[in-house]
Amino acid sequence: PHTMLNGVRKLPPATIRTIEADGRSQDHRYWSLHFGTTADEQQLSYEDWQERTLATLRKAVERRLVADVPVGVLLSGGLDSSLIVGLLAEQGQHGLSTFSVGFEEAGGEKGDEFEYSDIIARHYNTDHHKIFVDSGRLLPALEHCVAAMSEPMVSHDVIGFYLLSQEVAKHVKVVQSGQGADEVFGGYHWYPPLVDAEDPLATYASVFFDRDHSEFAQVIKPELLGDDYSREFVQRHFSMPGAKQGIDRALRLDTTVMLVDDPVKRVDNMTMAWGLEARVPFLDHELVELAARIPARYKLAADGKGVLKEAARSVIPAEVIDRPKGYFPVPALKYIQGEYLDFVRAIVDSDKARQRPLFQRSYIEHLLEDPGAHITPLRGSKLWPVSYTHLTLPTMSTTWSWGGGGEE
């Protein structure tokens, strides 16, 4: 619930707060997510779950077609967005506008997935728009991207969604996106280790946290360290009723907390910055409820999202389904070389950054020596969030409370 503003908290998802005239308040949570099959679903086969998944997704996509203007699709070239295009084509959508974005290669990592988005665009004869962003556009846009945020978001792909939305808004005002499928259907690489984990909390921390507490102690000033709040936060969520297995606890936490406060917020902020509305059929509440009841072994089959992959075979080309998993790539902000490293150095070496009582200089110097060698378990940069923090902090004269009392 925390924010950067002292005394300001966010209302939890699916919650109504009633405030009385005397200041008293009461929260009512009207929806919650429970994992595990119901009694009448115990005998369902893998094929049964595939059929139910596809039928529910069809309905979710159809619901998000209702608009007074044409509805496009953010087509990454992955399974999820490709499946949306296929289902829209099934429903008679012709001349569908689709949009893909790509960036320059960095650190040996390719910066686009046009190879796969082209397959879908050709297969369904969409009105496809490939948007390539070179370094000349990326750096100047970062300041505007940060300004469009409702609160700090450190993922390096935020700028990708910002620039993609800028271009998409020139053509359509509403798009569907495949966002959320990986959290809902277990598509990420950190889920399989949790299946048979004896200590789910320790396993989740090792595969998901950017840094463990001992490394975090090297990052910030000692007086700000405090307890291992990240681990305590996860422990509280894992101990809540409604998810018995460790993998289900992780999927619930990612779906109801991480997804809300990172990817959804990221795309929503960046699309709305350009007056673009992004709709997310994979986060339809009925589809999410169904996915929570699907046995974990079916979701994690075939290297993740197995039940969704098999369901998709009746809709989209197999080469998109069986391709290696990709991520929304902005390699330049992951490996940080050349002009990007100069940009970061200028931030962390500025007087304002050095005067802030936040980071230990020795740790920043350690990251600066070889930024590409310091990658998080989630395959992001450890240096970018440090420099980004200084970008987002206010430059006006302000009194801040760090730590203590729950402030951030």
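Quick caveat, the model's predicted, so the values are computed rather than measured.

**Structural notes on the pattern of salt bridges**
Here's step 1: One pass over the structure, following the stated rule, counts 29 salt bridges.
Here's step 2: One salt-bridge network, in which partners are shared between bridges, spans K59, R63, R64, D284 and E286.

**Observations regarding empty space enclosed by the protein**
Taking a probe equal in size to a water molecule and rolling it over the atoms shows the remaining empty space.
Here's step 1: Taken as a whole and judged by the stated rule, the model has three cavities of 30 Å³ or more.
Here's step 2: Of the voids in this model, the largest cavity is the one considered here, and its volume is about 50 Å³.
Here's step 3: Considering the residues around the largest cavity, the lining is formed by L142, C145, V146, M149, M153, S155, H156, V158, I159, L333, W384 and Y388.
Here's step 4: Elements supplying a minimum of two residues to the lining of the largest cavity: α4 (135–147), α5 (158–168) and α19 (383–392).
Here's step 5: With three residues, α4 is the single largest residue contributor to the lining of the largest cavity.

**Quick notes on the pairing of strand β4 (residues 97–103)**
Here's step 1: β4 sits mainly inside the fold: seven of its seven residues count as buried.
Here's step 2: Burial along β4 is two-sided: the residues S97, F99, V101 and F103 and T98, S100 and G102 are all buried.
Here's step 3: Two strands pair when backbone bridges link them, and strand β3 (residues 71–74) and β4 are joined in this way by two bridges, in the parallel orientation. Bridge pairing links V73 to T98 in β4.
Here's step 4: The β-α-β motif built from β3, the intervening helix α2 (residues 79–90) and the parallel element β4 has right-handed crossover chirality.
Here's step 5: Sheet topology places β4 next to strand β5 (residues 127–133); seven bridges connect them, and they run parallel. In the strand pairing of β5, F103 is matched with V133.

**As for α4**
Note that an α-helix has 3.6 residues per turn; residues three or four places apart therefore point the same way.
Here's step 1: Where α4 bends most, at A141, the angle is about 40°.
Here's step 2: For α4, the complete set of buried residues consists of S135, L138, L139, A141, L142, C145 and V146.

Parameters and conventions
Residues numbered from 1 in each chain as written. Predicted model: local features only at pLDDT ≥ 70, side-chain atom pairs only at ≥ 80, totals over all residues. Heavy atoms only, no water. Salt bridge = Lys/Arg side-chain N within 4 Å of Asp/Glu carboxyl O. 1 Å grid on protein atoms, 1.4 Å probe; cavity = no way out; pocket = protein on both sides within 12 Å on 5 of 7 lines; lining within 4 Å. Points joined across faces, edges and corners; volume = space filled by probe spheres on them. Helix = DSSP H or I, 4+ residues; strand = E, 2+ residues; numbered from the N terminus. Buried < 20%, exposed > 50% of the residue type's maximum accessible area, 1.4 Å probe, protein only. Pairing = 2+ DSSP bridges. Right-handed = clockwise from strand over helix to strand, strands pointing away. Bend = angle between axes of the 7 residues up to and from the residue.

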